[in-house]
Amino acid sequence: MRHHTRTTLLLLLLLIGVIALPLIPEASAQADRLDWAARIAEMDRALARGETTAVTAAWREAYVAAHASRGWPGMLAVGNAALRAARATGTPEVFEPRARRAYLTALLRARRQASRDGVLAVGEAFGRLGDRDAERLAKAAAAKLAIRAEADARRRAGAL
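Residues numbered from 1 in each chain as written. Predicted model: local features only at pLDDT ≥ 70, side-chain atom pairs only at ≥ 80, totals over all residues. Heavy atoms only, no water.

> Is there a simple way to explain the overall build of the chain in this structure?
Along its length, the chain carries 7 helices and 0 strands. If you list the helices and strands of the chain from N to C, you get α-α-α-α-α-α-α. Residue pairs in contact within the chain that sit at least 24 positions apart in sequence constitute 57% of those at least 6 positions apart. Carbon and sulfur atoms make up 61% of the accessible area of the chain, which amounts to about 10,300 Å² in all. (Helix = DSSP H or I, 4+ residues; strand = E, 2+ residues; numbered from the N terminus. Contact = heavy atoms within 4.5 Å. Areas by Shrake-Rupley, 256 points an atom, 1.4 Å probe, with all protein chains shown as cover.)

This is the structure:
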């Protein structure tokens, strides 16, 4: 009898896990997005107060949260935040390389996710940074993604 109760409880727990497991990544992804966005907002508030040390700390936390999110929008936003910090604190030598690194990560993620809009947005960000070569490369990558998407659409339409 005791063995039967344990087995039943174990099966019940497994069933709950199987039902709940698909819900976890989406909730986790939303939490990640809110986390990097909240850290950027915290950085912006520190910028408004002129607290350079708090700016740096909040930016680093935003970077870690965006990196963990695995998406390109967070890394793009963190790069943009680094440029704001560079201008506001007068330390472009500190924050511009950070922006460039965040933009590069965002570009790689957008390409991997076949996000033409993401690749274009990152290309524009590189342009604001003054990196015309990276901007051109991103535009070329976006054009390749568009060509590939059009070819896929034609192939699917032909299959109908």
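> What is the right way to read the packing of aromatic side chains from this model?
Aromatic rings in a pair are described by how distant their centres are and how their planes are angled relative to each other. Under the definition given, this model contains 3 aromatic pairs. Judged by centre distance (5.4 Å) and plane angle (25°), the ring pair of Trp 59 and Tyr 63 falls under stacked. Within this pair, Trp 59 and its partner Tyr 63 are both found in helix 3 (residues 52–69), separated by 4 residues, close to a single helical turn. A relative accessible area of 3% places Trp 59 in the buried class. (Phe/Tyr/Trp six-rings, centres within 6.5 Å; stacked < 30°, edge-to-face > 60°. Buried < 20%, exposed > 50% of the residue type's maximum accessible area, 1.4 Å probe, protein only.)

> For this particular structure, what's the right way to read the nonpolar core?
Met 43, Trp 59, Val 78, Tyr 103 and Val 119 are the most contacted members of the largest nonpolar core, which has 39 residues in total. Secondary-structure elements contributing two or more residues to this core are helix 2 (23–49), helix 3, helix 4 (72–89), helix 5 (92–112), helix 6 (116–129) and helix 7 (132–159). Among all residues touching Trp 59, those that are not within four sequence positions of it are Met 43, Val 78, Ala 81, Ala 82, Phe 95 and Arg 98. (Core = buried A, V, L, I, M, F, W, Y, C linked by side-chain atoms within 4.5 Å.)

> Would you mind going over helix 6 with me for this structure?
Along an α-helix, a turn takes 3.6 residues, which lines up residues three or four apart on a common side. A rise of 1.5 Å per residue sets the reference length of helix 6, with its 14 residues, at 20 Å; its end C-alpha atoms lie 20 Å apart and thus fit the reference within 8%. Inspection of helix 6 places Gly 118, Val 119, Val 122, Gly 123, Ala 125, Phe 126, Gly 127 and Leu 129 among the buried residues, and these make up the whole buried set. On the buried face of helix 6, the contacting elements are helix 4, helix 5 and helix 7. Positive phi shows up at Gly 130, right after helix 6, with a value of about 95°. (Expected span 1.5 Å × (residues − 1).)

> Got a minute to help me understand the confidence of the model for the chain in this structure?
Detailed reading of the predicted model is not advised wherever pLDDT is low. For the chain, mean pLDDT is 84; residues scoring 70 or higher make up 79% of the total. Across the chain, helix 4 holds the top mean pLDDT of 97, while helix 1 (residues 2–20) sits lowest at 55. This model gives residues 10–15 a pLDDT under 50, and the stretch forms 0 contacts once residues within four places in sequence are excluded. In this model residues 20–31 is a low-confidence stretch, pLDDT under 50, and it forms 0 contacts with partners more than four residues away in sequence or in other chains. (pLDDT = per-residue confidence, 0-100.)

> Looking at this model, I keep getting lost on the packing of helix 3 against helix 5. Mind explaining?
When two helices pack together, their arrangement is given by the angle between their axes and by how far apart the axes lie. The N-to-C vectors of helix 3 and helix 5 enclose an angle of 15°; their axes lie 12 Å apart at closest approach. As far as their axial angle goes, helix 5 and helix 3 are roughly parallel. As helix 3 packs across helix 5, the resulting crossing turns out to be left-handed. Across the interface between the two elements, Val 55, Thr 56, Trp 59, Arg 60, Tyr 63, Ala 66, His 67 and Ser 69 from helix 3 touch Phe 95, Arg 98, Arg 101, Ala 102 and Arg 109 from helix 5. Looking at side-chain class alone, the contact of helix 3 with helix 5 contains 6 nonpolar, 3 polar and 4 charged residues. (Axes fitted to C-alpha atoms, helices over the stretch in contact; angles between N-to-C directions. Parallel < 35°, antiparallel > 145°, perpendicular 65-115°, else oblique. Left-handed = near helix turned anticlockwise from the far one by under 90°. Nonpolar A, V, L, I, M, F, W, Y, C, P; charged D, E, K, R; others polar.)

> I tried to follow the pattern of salt bridges on my own but got confused; where do I start?
Side chains bearing opposite charge may pair, as long as their charged atoms lie close to each other. Counted by the stated rule, this structure contains 10 salt bridges. As a salt-bridge pair, Arg 39 and Asp 35 come within 3.5 Å of each other at their nearest N and O atoms. Residue Arg 39 and its partner Asp 35 are located together in helix 2, separated by 4 residues, close to a single helical turn. In this structure Arg 39 comes out as partly exposed when scored by relative accessible area, which is 25%. Put simply, Arg 49 and Glu 51 hold a salt bridge, and the shortest N to O gap is 3.1 Å. Taken together, the shared-partner salt bridges connect Asp 35, Arg 39, Glu 42 and Glu 61 into one network. (Salt bridge = Lys/Arg side-chain N within 4 Å of Asp/Glu carboxyl O.)

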